[in-house]
Amino acid sequence: MTREGWPNPALQADVPAIECPTGVIEWLEKLPTSVLDIASKVAEHGGGIWIVGGAVRDACLGIDVHDIDFAVSLEPQQMMEIFPDSLPTGIEYGTVSLRGGDQFYEATTLRTESDYEDGRRPEQVHWGVSLSEDLERRDFTINAMAIDIARKVMHDPHHGLQDIERGMLRAVGQAYRRISEDGLRILRAYRFLDRGTAGVWKFDFELSEALRQNAHMLKAVTHERIWMEWLKILNGKNVAAVVEKMAHDGVLDCFLPGEWRSQHLRMAALHHPYVHDFDGLTRLALILSESFSIEVEEALIDLKMSKKERTYILDLHSRFGTLPDASLASMRVFRTVLEQHAEQHLKLEIVLRSHDLSPSMGSSNESADEVYGLLEALEELAPLKSGNQSLVDGHWIMQRTGLGKGRALGRLKAWLHRLQIERDLANEGEVEAVLCSLHWTEENHSDWPQLQFPD
Ligand code: ATP
Ligand code: MG
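**Some details on a negative patch on the surface**
On the surface, a cluster of negative charge is contributed by Glu295, Glu297, Glu298 and Asp302. On the accessibility criterion, glutamate 295 (30% relative accessible area) is partly exposed.

Rendered as structure tokens:
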């Protein structure tokens, strides 16, 4: 897919060029046409354009590149003119989103920044033409490399390639200064330690010290940004090692309730093999298993996560320590209520009990071995004859009981539904027989069993 002279060589960088590793050359050869078109167009207008940031890092690591960001020497207004269907997604920071086929690419004008005064964002942005300065303001050496697409060369003034080979995360410039400029870099640092199947990287000495000394800087970072990074860490393959290090370095104390340096049991629990199958939200619930639910709720609200995420974690948290008994009836109710989460709940209970964690609400007495028994029983539990839905509705019950609309009717319906599930009833006739055997009077409806877990 190469046309003669396409893409045109763009403005040359003010940093020395080096050869690209073979893997990167192969990756460049497979770039979509839309990327080459963008590069060509910027060059035609006398600009410089480079692939920067995470895409260069991931291409060098030989892992999937999920999005491509450009640095360009043209000013944002000019970019908008050259690419009429682009969007000004962050124009005050020089970023426009370029449409390329069915996706968008962010192109950010080269810039130099004045000092960070509030520990969060640069106070003023100036457009520049120096790739060198642009790479200098980036956080870590592995994120401060650039690729010249047309010339097929790389710019790596901070030796990110060498750090990739060593498996080491290093700040661009003086680590202490760079971390104290922007507290979010603390979380980004821990996130980049997790290299997935390639294991866990190390911080270089200076960065490691800077992170510990500046952990408090996280307090100046907006909670939405913290949550975005923290969730990525929680979803990482090597979550246990990374979170353990964060606890040890005093970072977790900045946004989770409690004191985390001495939480060895909670950290050990994250190493359990089941944790691999849990998503980030479930892992967070597990980390917070011993905290009081009120503290957990406050911390989650504070992190500004979505209501859906918060409810998911709080539901898990409120069920910690509870188990169905081994009877068929109880297992059926348990599976009907938790649906696809039933198996995960038992696995969480195994993890908690294997590591002597005591949920804030207290735990039932069963050992981890007994919970393994429940897990087997759940796997062997036959499907219900008539599925999970109630076989009868409110009208059906009103006709047979004379109850009017209201609370008692709702409670009776839920009670019958529970009995249907517990006894695996197959049809309306069987439900009717059960209804006839119930001794109910309207006054005590609040005592009637419901279809719920835990009871
Ligand atoms: P991801 O794979 O998660 O997208 P990324 O490194 O591409 O990782 P982005 O947030 O997309 O992360 O940022 C793109 C690039 O911008 C980074 O590679 C880095 O060079 C720079 N960058 C991002 N955040 C910061 C920051 N807080 N301080 C300095 N440079 C940053
Ligand atoms: Mg990115």
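**Considerations on the domain arrangement of the protein**
Partitioning the protein into structural domains gives domain 1 (18–164), domain 2 (167–317), domain 3 (320–380) and domain 4 (394–447). Look at where the C-alpha atoms of domain 2 and domain 4 centre, and you get two points 49 Å apart.

**Comments concerning the sheet that holds strand β9 (residues 146–148)**
Strands sit in the order β1-β10-β9-β2-β3-β6-β5-β4 across an open sheet of eight strands; the sheet is mixed. The two strands at the open ends of the sheet, each matched to only one other strand, are β1 (18–19) and β4 (87–90). As judged from the two bridges shared by strand β2 (residues 49–52) and β9, these two strands associate in the antiparallel manner. Note on β9: the bridge partner recorded for isoleucine 51 is isoleucine 147. The strands that helix α3 (residues 54–61) touches are β2, β9 and β10 (153–155); relative to β2, the one it contacts most, it runs at about 60°.

**A closer look at the pattern of salt bridges**
Pairing is possible between side chains that carry opposite charge, provided their charged atoms lie close to one another. Under the defined criterion, the tally for this structure stands at 27 salt bridges. With its nearest N and O atoms 3.9 Å apart, the salt bridge here joins aspartate 85 to arginine 99. Here the residue aspartate 85 occupies a position in the loop between α4 (76–82) and β4, and arginine 99 occupies one in strand β5 (residues 95–100), the gap between them amounting to 14 residues. Residue classification places arginine 99 among the partly exposed positions, given a relative accessible area of 42%. For aspartate 182, the salt bridge goes to arginine 185, with nearest N and O atoms at 3.9 Å. Of the two residues, aspartate 182 and arginine 185, both sit in the buried class.

**Focus: helix α20 (residues 407–423)**
Spanning 17 residues, α20 covers 24 Å between terminal C-alpha atoms, matching the ideal 24 Å at 1.5 Å per step. Among the 17 residues of α20, 13 are classified as buried, and the element is accordingly described as predominantly covered. Phi for aspartate 424, located one or two positions after α20, is positive at around 55°.

**Quick notes on the site of ligand 1**
Around ligand 1, the structure places 15 residues, and the nearest of them are Arg57, Asn143, Asp182, Arg185 and Arg191. Interatomic distance of 2.9 Å between a side-chain N/O atom of arginine 191 and an oxygen atom of ligand 1. About the coverage of ligand 1: the protein hides 79% of its 580 Å² of free accessible area. Of all the secondary structure elements, the ones that give two or more residues to the shell around ligand 1 are α3 and α8 (184–193). Tallying contributions element by element places α8 first for the shell around ligand 1, with four residues. Of the residues contributing to the shell around ligand 1, the split by class is one nonpolar, four polar and 10 charged. Each of domain 1 (18–164) and domain 2 (167–317) accounts for three or more of the residues forming the shell around ligand 1.

**Comments concerning helix α11 (residues 239–248)**
Those residues of α11 not exposed but buried are Val239, Ala240, Val242, Val243, Met246 and Ala247. For α11, the angular spread of buried residues about the axis comes to 170°, placing them on one side. As for α11, its buried residues are in contact with α8, α10 (223–234), α12 (264–269) and α13 (280–287). One or two positions beyond α11, positive phi appears at glycine 250, with a value near 80°.

**As for the environment of leucine 378**
Residue position: leucine 378 is located in helix α18 (residues 368–380). Setting aside chain neighbours within four positions, we find leucine 378 in contact with Met331, Phe334, Arg335, Ala342, Glu343 and Leu346.

**Some thoughts on the side chain of serine 289**
Tracing the sequence through the fold places serine 289 in the loop between α13 and α14 (293–302). In this structure serine 289 comes out as buried when scored by relative accessible area, which is 0%. Discounting chain neighbours no more than four positions away, the residues touching serine 289 are Arg266, His317, Phe320, Leu352, Leu357, Ser358, Pro359 and Ser360.

**As for the packing of α13 against helix α15 (residues 307–319)**
In the contact formed by α13 and α15, the axes pass within 9 Å of each other and the chain directions differ by 45°. Judged on the interaxial angle alone, α15 and α13 are oblique. Here α13 runs over α15; the crossing is right-handed. Every residue of α15 that contacts α13 at Leu281, Thr282, Leu284 and Ala285 is listed here: Glu309, Tyr312, Ile313, Leu316 and His317. Residues of the contact of α13 with α15, tallied by class, amount to six nonpolar, two polar and one charged.

**Regarding the packing of aromatic side chains**
Applying the stated criterion across every chain, the model contains eight aromatic pairs. Within the aromatic cluster, the residues linked to one another by ring pairs are Trp415, Trp440 and Trp448. Directly above the ring of tryptophan 201 sits arginine 195, whose terminal nitrogen or CZ lies 5.0 Å from the centroid.

**Notes on the environment of alanine 55**
With respect to the helices, strands and loops of the structure, alanine 55 is situated in helix α3. What makes alanine 55 buried here is its relative accessible area of 2%. Put simply, alanine 55 and glycine 23 are 32 residues apart on the chain and 13 Å apart in space, counted from C-alpha to C-alpha. Those residues within four positions of alanine 55 in sequence are excluded, and the remaining contacts are Trp27, Val65, Asp67 and Ile68.

Conventions we followed
Residues numbered from 1 in each chain as written. Chains lettered and ligands numbered in written order. Predicted model: local features only at pLDDT ≥ 70, side-chain atom pairs only at ≥ 80, totals over all residues. Heavy atoms only, no water. Patch = residues over 30% accessible without salt bridge, like charges linked within 9 Å, V, L, I, M, F, W, Y side chains within 5 Å. Areas by Shrake-Rupley, 256 points an atom, 1.4 Å probe, with all protein chains shown as cover. Salt bridge = Lys/Arg side-chain N within 4 Å of Asp/Glu carboxyl O. Lys, Arg positive; Asp, Glu negative; His and termini not counted. Charge placed at Lys NZ, Arg CZ, Asp CG, Glu CD. Buried < 20%, exposed > 50% of the residue type's maximum accessible area, 1.4 Å probe, protein only. Domains from an automatic or database assignment. Pairing = 2+ DSSP bridges. Helix = DSSP H or I, 4+ residues; strand = E, 2+ residues; numbered from the N terminus. Contact = heavy atoms within 4.5 Å. Axes fitted to C-alpha atoms, helices over the stretch in contact; angles between N-to-C directions. Expected span 1.5 Å × (residues − 1). Near = heavy atom within 4 Å. Polar contact = N/O pair within 3.5 Å; in protein donor to acceptor, adjacent residues only side chain to side chain. Nonpolar A, V, L, I, M, F, W, Y, C, P; charged D, E, K, R; others polar. Arc of directions from axis to C-beta. Parallel < 35°, antiparallel > 145°, perpendicular 65-115°, else oblique. Left-handed = near helix turned anticlockwise from the far one by under 90°. Phe/Tyr/Trp six-rings, centres within 6.5 Å; stacked < 30°, edge-to-face > 60°. Lys NZ or Arg CZ within 6 Å of the ring centre and 35° of its normal.

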